[in-house]
Structures are given as structure tokens and as C-alpha cells.
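Given next are the chains, with one letter for each unit.
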Amino acid sequence: MSLSRRNFLKGLGASGAAASVIGPSLLVSSSANAAAETEGVWKTSGSHWGAFRARIWAGKVQEIKPLEVDKYPTEMLNGIKGIIYSPSRVRYPMVRLDWLKKHKYSADTRGNNRFVRVTWDEALDLFYRELERVQKDYGPWALHAGQTGWRQTGQMHSCNNHMQRAIGLHGYSVKKVGDYSTGAGQTILPYVLGSTEVYAQGTSWDLILENSNNIIIWASDPVKNLQVGWTCETHESFEYLEKLKQKVANKEIKVISVDPVKNKTQQYLGNDHLYVNPQTDVAFMLGIAHTLYKEKRYDSKFIDLYCLGFKEFTQYLNGESKDKVEKTPEWAAKICGIPADKIREFARMLVDGRTQILFGWCIQRQEHGEQPYWMGAVLAAMIGQIGLPGGGVSYGHHYSGIGVSSTGFGAPGSYPLNIDTGQSPKYTNTDFNGYSSVIPVARWIDCLKEPGKKIQANGKEVTLPAFKMMVVSGNNPWHHHQDRNNMKAAFKNLQTLVTIDFAWTATCRFSDIVLPACTQFERNDIDGYGAYSGRGLVAMHKLVDPLFQSKTDFDIMTELTARWGRDKDYTRGMSEMEWVRKLYNDCKQANAAFNLPEFEEFWQKGFLDFGKGKPWTRHADFREDPEISALGTPSGFIEITSRTIGRYGYEHCQEHPMWFEKSERSHGGPGSKKHPFWLQSCHPDKRLHSQMCESEEFRATYAVQGREPCYINPTDAKAKGIKDGDLVRVFNDRGQLIAGAVVSEHYPPGVIRIEEGAWYGPLNEKVGAIDTYGDPNTLTQDIPSSELAQATSANTCIVDIEKFKGQVPPVTSFGGPIEL
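It should be emphasised that the depicted structure is a prediction, and the values quoted were computed from it without experimental measurement. (Residues numbered from 1 in each chain as written. Predicted model: local features only at pLDDT ≥ 70, side-chain atom pairs only at ≥ 80, totals over all residues. Heavy atoms only, no water.)

1. Some remarks on the UniProt feature "domain: Molybdopterin dinucleotide-binding" (unreviewed entry) in the chain
Next up, step 1: Here, the residues flagged by UniProt with the feature "domain: Molybdopterin dinucleotide-binding" (unreviewed entry) are residues 677-797.
Next up, step 2: Helix makes up 8% of residues 677-797 and strand 21%, whereas the separation of the span's terminal C-alpha atoms amounts to 9 Å. (UniProt positions renumbered as here; feature names shortened; annotations may be inferred. Helix = DSSP H or I, 4+ residues; strand = E, 2+ residues; numbered from the N terminus.)

2. Section: the nonpolar core
Next up, step 1: W218, F284, I288 and F346 are the most contacted members of the largest nonpolar core, which has 99 residues in total.
Next up, step 2: Here this core gets 10 residues from one element, more than from any other, and that element is helix α19 (residues 370-383).
Next up, step 3: Among the nonpolar cores identified, the runner-up in size contains 79 residues, and W120, A123, C587 and L608 belong to it. (Core = buried A, V, L, I, M, F, W, Y, C linked by side-chain atoms within 4.5 Å. Buried < 20%, exposed > 50% of the residue type's maximum accessible area, 1.4 Å probe, protein only.)

3. Here's the deal with the side chain of K327
Next up, step 1: Looking at the secondary structure, you find K327 in the loop between α16 (310-317) and α17 (329-336).
Next up, step 2: Using a relative accessible area of 0% as the deciding quantity, one classes K327 as buried.
Next up, step 3: A distance of 3.4 Å separates the side chain of K327 from the backbone oxygen of Y316, its partner in a polar contact.
Next up, step 4: At 2.9 Å, the side chain of K327 forms a polar contact with the side chain of D323.
Next up, step 5: Sequence-distant contacts of K327, defined by excluding residues within four places in its chain, comprise L286, G287, H290, Y316 and L317. (Polar contact = N/O pair within 3.5 Å; in protein donor to acceptor, adjacent residues only side chain to side chain. Contact = heavy atoms within 4.5 Å.)

4. Considering the environment of E600
Next up, step 1: Along the polypeptide, E600 turns up in helix α27 (residues 599-605).
Next up, step 2: Looking at E600, the relative accessible area reads 46%, which means it is partly exposed.
Next up, step 3: As for E600 and R581, which are separated by 19 residues in sequence, their C-alpha atoms are 8.9 Å apart.
Next up, step 4: Within polar-contact distance, the side chain of E600 engages the side chain of R581 at 2.5 Å.

5. Thoughts on the sheet that holds strand β21 (residues 536-540)
Next up, step 1: Pairing in this open sheet of 3 strands is antiparallel, and the strands run β20-β21-β22 from one edge to the other. Only two strands of the sheet have a single neighbouring strand rather than two, namely β20 (525-529) and β22 (607-609). In this sheet, neighbouring strand axes are inclined to one another by 15 degrees on average, regardless of whether the strands run parallel or antiparallel.
Next up, step 2: Bridging between β20 and β21 involves 5 bridges; their strand directions are antiparallel. Across the sheet, residue Y529 finds its bridge partner in β21, namely G536. (Pairing = 2+ DSSP bridges. Axes fitted to C-alpha atoms, helices over the stretch in contact; angles between N-to-C directions.)

6. Things to note about the sheet that holds strand β30 (residues 818-819)
What holds strands together in a sheet is hydrogen bonding between their backbones, with the strands either parallel or antiparallel.
Next up, step 1: Spatially, β6-β17-β18-β19-β4-β5-β30 is the arrangement adopted by the 7 strands of the open sheet, whose pairing is mixed. For this open sheet the edge positions go to β6 (143-144) and β30, each flanked by a neighbour on one side alone.
Next up, step 2: For strand β17 (residues 469-473) and strand β18 (residues 496-501), the ladder comprises 5 bridges, and the chain directions are parallel. Residue pairing in the sheet places V472 in a bridge with T499 of β18.
Next up, step 3: Each of β4 (94-96), β6, β17, β18 and β19 (513-516) is contacted by helix α7 (residues 120-137), which is oriented at about 130 degrees to β19, the strand it contacts most.

7. Topic: the UniProt feature "domain: Molybdopterin oxidoreductase N-terminal" (unreviewed entry) in the chain
Next up, step 1: Sites flagged by UniProt as "domain: Molybdopterin oxidoreductase N-terminal" (unreviewed entry) map to residues 45-85.
Next up, step 2: Along residues 45-85 the backbone is 12% helical and 34% strand, and the end-to-end C-alpha distance reaches 17 Å.

8. Section: the environment of L583
Next up, step 1: Structurally, L583 is set in helix α26 (residues 576-590).
Next up, step 2: Distance from L583 to S414, taken between C-alpha atoms, is 7.1 Å for residues 169 residues apart in sequence.
Next up, step 3: The contacts of L583, once residues within four sequence positions are left out, are Q155, M156, P412, G413, S414, Y415 and I526.

9. Focus: the pairing of β18
Next up, step 1: In terms of burial, β18 is largely enclosed, as 6 of its 6 residues are buried.
Next up, step 2: Taking every second residue as pointing to the same face, both faces of β18 are buried, with T496, V498 and I500 on one and L497, T499 and D501 on the other.
Next up, step 3: One ladder, built from 4 bridges, connects β18 with β19; its direction is parallel. Within β19, the residue paired with T499 across the bridge is V514.

10. Considering the environment of N263
Next up, step 1: Mapped onto the fold, N263 is located in the loop between β9 (254-258) and α13 (264-269).
Next up, step 2: A C-alpha to C-alpha distance of 9.0 Å links N263 and V223, two positions 40 residues apart in sequence.
Next up, step 3: When neighbours within four sequence positions are excluded, N263 is seen to be in contact with S220 and D221.
Next up, step 4: For N263, the side chain forms a polar contact with the side chain of D259, separated by 3.2 Å.

11. So, the side chain of E787
Next up, step 1: Residue position: E787 is located in the loop between β28 (751-753) and β29 (798-803).
Next up, step 2: Here E787 sits buried without a salt bridge, and the closest side chain of opposite charge, R443, lies 11 Å off (N-O distance).
Next up, step 3: Separated by 3.1 Å, the side chain of E787 and the backbone nitrogen of E651 make a polar contact.
Next up, step 4: One polar contact links the side chain of E787 to the main-chain amide nitrogen of H652, over a distance of 3.2 Å.
Next up, step 5: Residues in contact with E787, not counting those within four places in the same chain, are Q456, A457, N458, Y650, E651, H652 and C653. (Lys, Arg positive; Asp, Glu negative; His and termini not counted. Salt bridge = Lys/Arg side-chain N within 4 Å of Asp/Glu carboxyl O.)

See the structure below:
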């Protein structure tokens, strides 16, 4: 089937809701696409939002248009100029006033945003002094240099690598394991399916569209999330979503979105929606499993041949073990809000034809977040279609083009993270004083609050280190962590925080030394085009020189390591462009079959296109021969029951998937009488996490009275006296924020949404101060998913809401520090 982009756009305009679905909120304006070749020169670059060409004139980026091969560009490309020229740029090296002038750590004033401008030499000398002090006075356990995140695109200038390589040449430090995106999922799935799954290539969209009778989009919103990618995003997935939309309209494929809200994907596809009470999916799944088992509709042959531990699970299902409660659809209905007959109907539909289940990531960012992913794998096993084209389960089709067929091209390597073999740091002390050298990523605030505490994590005991100093580069932990007021209190125990970034984030506000990095558009680099498709290779030409006194991470760390005579070890004696050339040539050698041109030709062209790849089915080899192609689980089979996890003896993650009540839950759950609304803080539609929130002109396209939108159901809004466009106060016992109300029927009663990544802007540094812009993590609770993953539980959060009263404070999130 061949569908043109014209037909895709035509389809978007067929619905009155198109403007709120994809339409102008996905595609760059036609004026940008039809930009005339006027004064200046055009350069090529890439970003998380896609590849593009920029017109440079008078030393400034004048215009940006998507790369010609990108047929479905996101409108977020229109925010790139606002990143480069943002009033929130870190312009100069800055040091917190009280930390510098009072010669003490002045924890009580941390976060008051009062800074002093210093020279680069002064700032780097202070940075080096603190590294020396911590290693001499304490040891490696007192330095945490493990917080990493999405960084800017580009393989040479990957800031996480530069920071950790440089720090590694000085001494050892505390590192992290896992990430905030998929912490629970990437921990549980290796026990069940043998790999993390969340970052693995999935069954190709071609095969899903050709073979699936049913597609279950479970707590996932690919139309929203596929606008961005880990490397330079191609947006090729939208070609398949366009085809899927037509198949839904023609009733060729049945698509059901299982979600508390009617998300952007469901609005675009026009598919069926099945409402489920927030955080109760596991109860719903158990009711499905009970139906399949009692009605003998499950694939017993698949279970016998490919799985272990089904008997133990069915004993729990039938109420013969654990809580002695049979998990009937009637039992599930009381929790999940779906009638028992509807649960049975849904279960029967799953085994009526080929069924592909597509999970999102938000569902595992909750208390007991391991359970829905584990239970999803159990359902897929009972259906018996794992390893068949268009069947089974996926945990990543909403991410970075997973499901787009791969060409087999291997992207360039990155700047080396670790110091070279045979080298040793200046300080060789590896004594962590009884503390753990690696911590679960979401437990670093616990280290500041309860150093020395012993916790369980993935089968091991972790002793939380008492670190005194942190180094953060191109990462914003004051965005991705939970419970801002808890963080404020914990930060009083931190002596020094050094942050390297190009924008004055909340992390900068709470830092002691802030170093201005340049943006990715102010340096030369190289990046793969398509994280999973291997579609091409992008030359990231420097568009303009670094603004103000900003420098590349490469230059910053070169100057830092020179202070202890290791700059030559750090750079290997090569310049920026020599490194870019090396990464290209190494890539050329590793991909000999692609016959890449010489570097000069590639750099001049700016882009190499390798076309489309070949379709592939996930787990097909395992299904073909489970002994030769065994899974990576302890047994090599799908482990419905994990004896390994069972031996850990954890209370909140036991030997098979189970229903656990949450510490707080709306719709009749714990705490709902006081705080009746579930706060959904999912990935944003107009940003990449917190990236691009500082882009002022673009932010103005979605902000409400200059605040982050808060989406609310019309019935709830009326009951609270809230009208569309009003400012509201959202609050619970952990904090309070101001946001702008957007009244929408896409959200059910009892559910509100504030998208994560909104920049935190406290009225002042005091614990309990109201957030002036609308960061949902002001309200979320900082508790682990379980003893297994110790992952974030951001979506286990209930709140109340009211129309804002009194004098409205100004937004304090943007614009930089108070310079003294």
C-alpha cells in the first residue's frame, strides 16, 4: 500500500480534533518548509527532534527547515532557535555567592539563585580544588559523578562521556545503575524474557500491519513520543502510523488503547478506547488471565514448550496461595473499574486472531512498577504468539523508531567514556569506606538524607554512600527526580555541586559552581540518523560560534585535566575535528559493506542516506528453537515464575506477578478522600523532557498565562469553579504549584495531567515554597518501585486542585541567576 504525505495531511484535517492531535502540533509550518534560498549559507545538523538545514547569515541562525528525507517532521524544530538564543543561557562561569564569599557551604541559602561571575581560570581552579579536597579529606565514596541523562545529540561531544572520562583521570567516584525512563522495566524483564526489552529492536511495523488482527496500545502514546529520539530522529514510524490509521478506518485491524486518558495516538488513529482506573492495570490483567485459564482459551502447548512456572502462577490466580483470593473478573472489576463482562470479552478478543501488545513506559514508573511488565509478558505467553510476526509483546514501539526495519548500519562510536587501558587516575584510592560504589539511579537523594543506610537492590545489598560532592554535566536531576521539597531538605547535606550546562536550569540554581557549555549547534559533530533503523549518517556542522563565554565540553574538560597534567591523556593529542574524522573513519571501516565515501566528501554532503531495511520479528529465533536460541533468563525460557526473585525474599516483588495495593491511589484507593485526583506526569508533547522548555517563543505556543498546562475533565473543572485558561493551584502534603487550566474531555473524572519537564521555579529557596511555573515533580513522591529495581514511582501520586486565589507571583523558572 502506497500512501502519500498529502493523503496523510488530508487525513489529519478530516477531524475537528486534528489541530490538537498531530496537524500543526506535529508538522513544521509550511513557511519553514518552503523557505526561499535567501541571503546566507545553509548548513546541515541534527538533533533529538530530527535532522535539518539551517540558514546562517550575519553570524546568526536565521531559519531552520527539516531535512528533505524527513516526511513527517515535528514542529519542535521551530524551537531550536529559541534554545540557541534563549535568555536562560548560561553565559559566564558563575559561583554561588555564599559558597564563595563566606568560605563555607552555606546550605541554608542553597537555591536562592545569587551568584557571582568569575573567570574561566577561577572557576576551573575552584572545581579542581574541590576534587582534590574530596579525594584527600574523604575518598572516592564522597564524590558522585554518575548522574547522566539524555544529553545533546552528537557522538563526539557526548557530555556524559566527557565528564566521566575527565573525572576518571582524577580519581574514582560513585556511579549509578539504571535510568529514570525504564528503571523498573529494565530490571524485571531480564528475569522474565532474558533481556531488558525496553531498548531492544521490536518486530517491524511492516509485519505488524500485515499480520496483526488486534493491536493493544497499552499505556502508550507513540504519536506523541515518536517526535523525538535518542540520536537524530527520522520520524519514519509515522509512515506506519498513517497506514495503521487507514486500516483502522477500513476495519482491517482492531486497535484498542488501554489507558486512563484518550491520548494523542487514540485521537489520531480514531481507534477504540478502554478506560482503566489509574495504577490498576495489573488487577485488570489478572482478571484477563483468569478468564483465559478458566475457559481454557490459553495456549497450553506454548506454555509447556517455552515457559516455566505457570503452575505456581495459576495457584495464585485461583486463590490457592498467597492472599487466598481468586482473581476473577468480578474481583478485578472492583479495582480497575472495567465491568467483569467487559474483562471477559477483552480476554476472548486477545486470542481471536493475531494480537500484538505494545506497552509504554509510564506504566512502570509507579510503585510496584515491575508488575505490569511482568504480567504483560505472562498474558503474551498465554496467548501463545510470542515470536510470530504481528504477535507477542513489545515494550518500546513508542521510542526512537523501534519497529522501523533496520538497514544493519552501525552508528559511529562515541568519545571514549573510560580512561584508556594501562592508565590510572591521579588518585588511585579505591576504598569506598564500606559504602557501595554503585547505587540505583533514583536513590541518590536517599544517600544525602540517610547515608550508611542499607537497602536491597536487584538481589544485592547496597550501602548508601555519604557523598559530599556531585558533578553533573548536560543533565538536569532537578527535573527528573521526584519530590522537590524533599530534595531541598536533602541538599543541605551536600557540600559542593558542580554543573556544566548551556541553560540555567533548576539544577544550576541549586549548584555552587556553574560552567557554561555551548549548545550542540555551536560545535562540529557526527551522529547516526535513526537509532534503530540505521537510516543514515548526519554531519553536524557548527552553525555559529559559541555564544558568550561558553565552550565545548571537550574544551572544558581539556582545561580541567590540564590542572593535574593529564590533558594529553584526556584528548589523546587530538583536536575536535580530528576526533570527528576518527569516529567517521572507524565507522566507515566497521560498515565496509556500505561503501562510505571519504570523510571530506561526507562532510561536504552533510548527509548519507542508506534507505530502508529488512523486516524482522522479535523472538522468532527463540520460537523456532528454544534450546539453540535460548533466552537470557536463568533457565533460558520465559519465566512466569522466577525462583531467583523468589529467593530474594522481597515483600514488594515476589516470585511471580501479583497485585499490590499502592501507598496512594485515586478512585477509592488509599488517600483519595483527602487528595481525590490522580496526577499523570507523562512525557511532554512539546519538549524532550526538560529540553526546549527554555525556548521562549515556542513555549508561548502552549503555555497558559505563562504557566505549564494542567489538563482537567470538564465535570471536575465545573465542580471546582475552574474555567479553561484559569490559573490553578495543584497541591498535596508534599508541595504546591501554579499551572494553567486546559479543560478537555480527553481526561476522565478524577484524573489531571501535568507533563514532566516543566522547569521548576520556586518562589524562594525555602522548603514548601510554591512552584511558580508548574513542575509536577513538586508533588510526586520519592519512593522506590520495589526492593528489586529501586526505580522511580513518579506516577504513584494523588493531589487536589483549586482555582488560584490571591496575588499571582511571577514565574521564576527562566532567565538566569541573580548576578551580584
